[in-house]
Amino acid sequence: MSGNDRPEGLPTPPRDTRAPATPNAAPHPAFDSAFLRACRREPVPHTPVWFMRQAGRSLPEYRKLREGIAMLDSCMRPDLVAEITLQPVRRHRVDAAIYFSDIVVPLKAIGVDLDIKPGVGPVVEKPIRSRADLERLRALEPEDVGYVTEAIGILTRELGTTPLIGFAGAPFTLASYLVEGGPSKNHEHTKALMYGDPELWAELLDRLADITAAFLKVQIEAGAAAVQLFDSWVGALAPEDYRNRVLPASAKVFEAVAGYGVPRIHFGVGTGELLGLMGRAGADVVGADWRVPVDEAARRVGPGKAVQGNLDPALLFAPREAVRRGAADILQAAQGLEGHIFNLGHGVLPQTDPEALTDLVAYVHEQSAR
């Protein structure tokens, strides 16, 4: 089976999302934005730009606002979430906002004992290693994350015609955190479970797919104009393992939200060898990191998808002219693609100069103006 063949057991491809979800539904206020048009592979006035992890991290106004407030606490305060989400839109003039949260928020919401430790990341008190552990993962209900609905309500009123991107962690990455107990370089416990108890592994990912889909539905119903599924750690897998042990769960998430008619983005780190398979999971847009040229990424993903990416985040530490050359190379490579959204190949690094991001947005808009 080639990388573009459809794995057995996957749902049929979801319907086209070029139109509103129902014939009589009013279009989203941001429907004609450059970002959403690019997601739908339609003509755009300029290449749209947004950055993963643009909300927070590198912004001094973010650090000031977060002083003395733990990460998970800040994710559960609608006023803080709204303000942090809006900060990069005001400063950088990006074409889309990304909802400020963390991929473990839905796990915390259903009672998983975890915390986000500074300098470490999410740490799970009792890792999931057995069938009894699996029973701790109950279904996510909308009332579990009422603060998300409230925050998005504030944001959609403030953003107007600027689209808001909702997001969630993909089943594999969430499973890795739960099984390892925290971040891992080698994912040894995750792979031991995946290979050693394939039935339990499949049940774990299926349950996480349901939780993830429920979390995305809450965001869409509250007003998110697009959603992105982050699979931060899936690059640790070989293509065959991804195809057989991970792809069905990711496909289940995308199928669950297909009926809303909002663009769905799929992104993973170190996934150059998986792009063809990721393109089959059901998203409308596939993100590429900086390790694969954007035109080659589009070729691997296959036709009928927009591509997002993919400047190396570390390049932003170089002189301005070097950053601009890197951006120009990507824009040149993206000419002729069905749809292209300019982004970094991963998230904004914490020590990035905000002025470098502001300049990059202006440069891409200027150079790509139609």
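Nothing here was measured: the structure is a model prediction, and the numbers come from that model.

Side note on a negative patch on the surface
At step 1: The grouping of D73, D113, D115 and E125 at the surface amounts to a negative patch.
At step 2: When you line up the elements, E125 lands in the loop between strand 3 (121-124) and helix 6 (131-134).

Looking at the nonpolar core
For soluble globular proteins, nonpolar side chains are generally found buried alongside one another.
At step 1: Of all hydrophobic cores here, the largest spans 125 residues; its most connected members are F35, L137, L204 and L360.
At step 2: The dominant element in this core, judged by the number of residues it contributes, is helix 10 (residues 198-222), at 13 residues.
At step 3: Contact partners of F35, with chain neighbours within four places excluded, come to P48, W50, D95, A96, P163, I165, A226, I265 and I341.

Focus on the sheet that holds strand 7 (residues 285-287)
At step 1: Read from one edge to the other, the open sheet built from seven strands follows the order 1-4-5-6-7-8-9, with strand pairing classed as parallel. Both edges of this open sheet fall to strand 1 (97-98) and strand 9 (340-341), since each of them pairs with a single strand only.
At step 2: With three bridges connecting them, strand 7 and strand 8 (residues 306-308) associate as parallel partners. Its bridge partner being in strand 8, G287 is matched across the sheet by Q308.

A look at the pairing of strand 2 (residues 114-117)
At step 1: Of the two faces of strand 2, only the one carrying L114 and I116 is buried; D115 and K117 on the other face are not.
At step 2: With four bridges connecting them, strand 2 and strand 3 associate as antiparallel partners. Within the sheet, the bridge partner assigned to L114 lies in strand 3 and is V124.
At step 3: Linking strand 2 back to strand 3 in an antiparallel pair, the connection comprises three residues, with G119 at a positive phi of about 80°.

Re the environment of N244
At step 1: Structurally, N244 can be placed in helix 11 (residues 239-245).
At step 2: N244 sits 42 residues away from A202 along the chain, and the two C-alpha atoms are 9.8 Å apart.

Quick word on empty space enclosed by the protein
At step 1: By the definition in use, this model includes two cavities of 30 Å³ or more.
At step 2: Approximately 30 Å³ is the volume found for the second largest cavity.
At step 3: When grouped by side-chain class, the residues that make up the lining of the second largest cavity number two nonpolar, five polar and no charged.

Examining the layout of surface pockets
At step 1: Approximately 1,000 Å³ is the volume attributed to the largest pocket.
At step 2: Contributing to the lining of the largest pocket are 33 residues, with R53, R57, M71, S101 and D102 lying nearest its centre.
At step 3: When contributions to the lining of the largest pocket are tallied by element, the ones reaching two or more residues are helix 2 (60-65), strand 2 and strand 3.
At step 4: For the lining of the largest pocket, the per-class residue count stands at 20 nonpolar, seven polar and six charged.

A few points about unusual backbone geometry
At step 1: N310 follows G309 through a cis peptide bond whose omega is -5°.
At step 2: At H187, a position not held by glycine, the phi torsion is positive, near 55°.
At step 3: Mapped onto the secondary structure, H187 falls in the loop between helix 8 (171-180) and helix 9 (188-196).

Notes on helix 12 (residues 247-256)
At step 1: Along helix 12, the residues that are buried comprise L247, A249, S250, A251, V253 and F254.
At step 2: On its buried face, helix 12 sits against helix 8, helix 10, strand 5 (226-231), helix 11, strand 6 (264-268) and helix 13 (275-278).

Structural notes on the environment of R243
At step 1: Within the secondary structure layout, R243 lies in helix 11.
At step 2: Taking relative accessible area as the criterion, R243 reaches 5% and is therefore assigned buried.
At step 3: Among the polar contacts made by the side chain of R243, one reaches the side chain of E240 at a distance of 2.6 Å.

A short note on the pattern of salt bridges
At step 1: Taken as a whole, this structure holds 23 salt bridges when the rule is applied.
At step 2: Of the charged contacts, one joins R91 and E61 as a salt bridge, the two residues approaching to 2.9 Å between their closest N and O atoms. Highlighted residues: R91 in helix 4 (residues 78-92) and E61 in helix 2, separated in sequence by 30 residues.
At step 3: Exposure remark for E61: the relative accessible area of 25% places this residue in the partly exposed category.
At step 4: D210 is the partner of K252 in a salt bridge, and the nearest nitrogen-oxygen pair spans 2.9 Å. Placement of the pair is K252 in helix 12 and D210 in helix 10, with a sequence separation of 42 residues.
At step 5: Members of the salt-bridge network, linked through shared partners, are D32, R37, R40 and E42.

Calculation criteria
Throughout, residues of each chain are indexed from 1 in the direction in which the sequence is written. Only residues with pLDDT of at least 70 are given local features in this predicted model, and only at 80 or more are side-chain atom pairs given and counted; all residues enter the totals for whole chains, interfaces and linings. Heavy atoms throughout the structure, all of them, feed into the side-chain values; hydrogens and water do not. Here, patches come from residues exposed beyond 30% relative accessible area and free of salt bridges, joined within 9 Å for like charges and within 5 Å for nonpolar side chains (Val, Leu, Ile, Met, Phe, Trp, Tyr). To be clear on the numbers: accessible area is Shrake-Rupley with a 1.4 Å probe, and residue cover counts the displayed protein chains and nothing else. Between Lys or Arg on one side and Asp or Glu on the other, a salt bridge is scored when a side-chain nitrogen of the former is within 4 Å of a carboxyl oxygen of the latter. As used throughout, the charge tally considers Lys and Arg to be positive and Asp and Glu to be negative, leaving His and the chain termini uncounted. Here the site of a charge means atom NZ of a Lys, CZ of an Arg, CG of an Asp or CD of a Glu. Starting at the N terminus, helices and strands are each numbered in turn, a helix being any DSSP run of H or I of at least four residues and a strand any DSSP run of E of at least two. By nonpolar core we mean a set of buried residues, namely Ala, Val, Leu, Ile, Met, Phe, Trp, Tyr and Cys, connected to one another through side-chain atoms within 4.5 Å. Exposed residues in this analysis have more than 50% of their type's maximum accessible area, buried residues have under 20%, and partly exposed residues fall in between, with area computed by a 1.4 Å probe over protein chains only. For this analysis, residues touch if any pair of their heavy atoms sits within 4.5 Å. Strands pair, by our definition, only if DSSP identifies at least two bridges between them. Here a cavity means grid points, on a 1 Å grid over the protein atoms only, where a 1.4 Å probe fits yet cannot get out; a pocket means an open set of points with protein on both sides within 12 Å along at least five of seven lines; lining residues are those with an atom within 4 Å of a point. Grid points are joined across faces, edges and corners, and a volume is the space filled by probe spheres set on the points. Residues were grouped as follows: Ala, Val, Leu, Ile, Met, Phe, Trp, Tyr, Cys and Pro as nonpolar; Asp, Glu, Lys and Arg as charged; and all remaining residues, including Gly, as polar. We define a polar contact as two N or O atoms separated by no more than 3.5 Å, with the added condition that, inside protein, one atom must be a possible hydrogen donor and the other a possible acceptor, whereas residues neighbouring each other in sequence contribute only through side-chain atom pairs.

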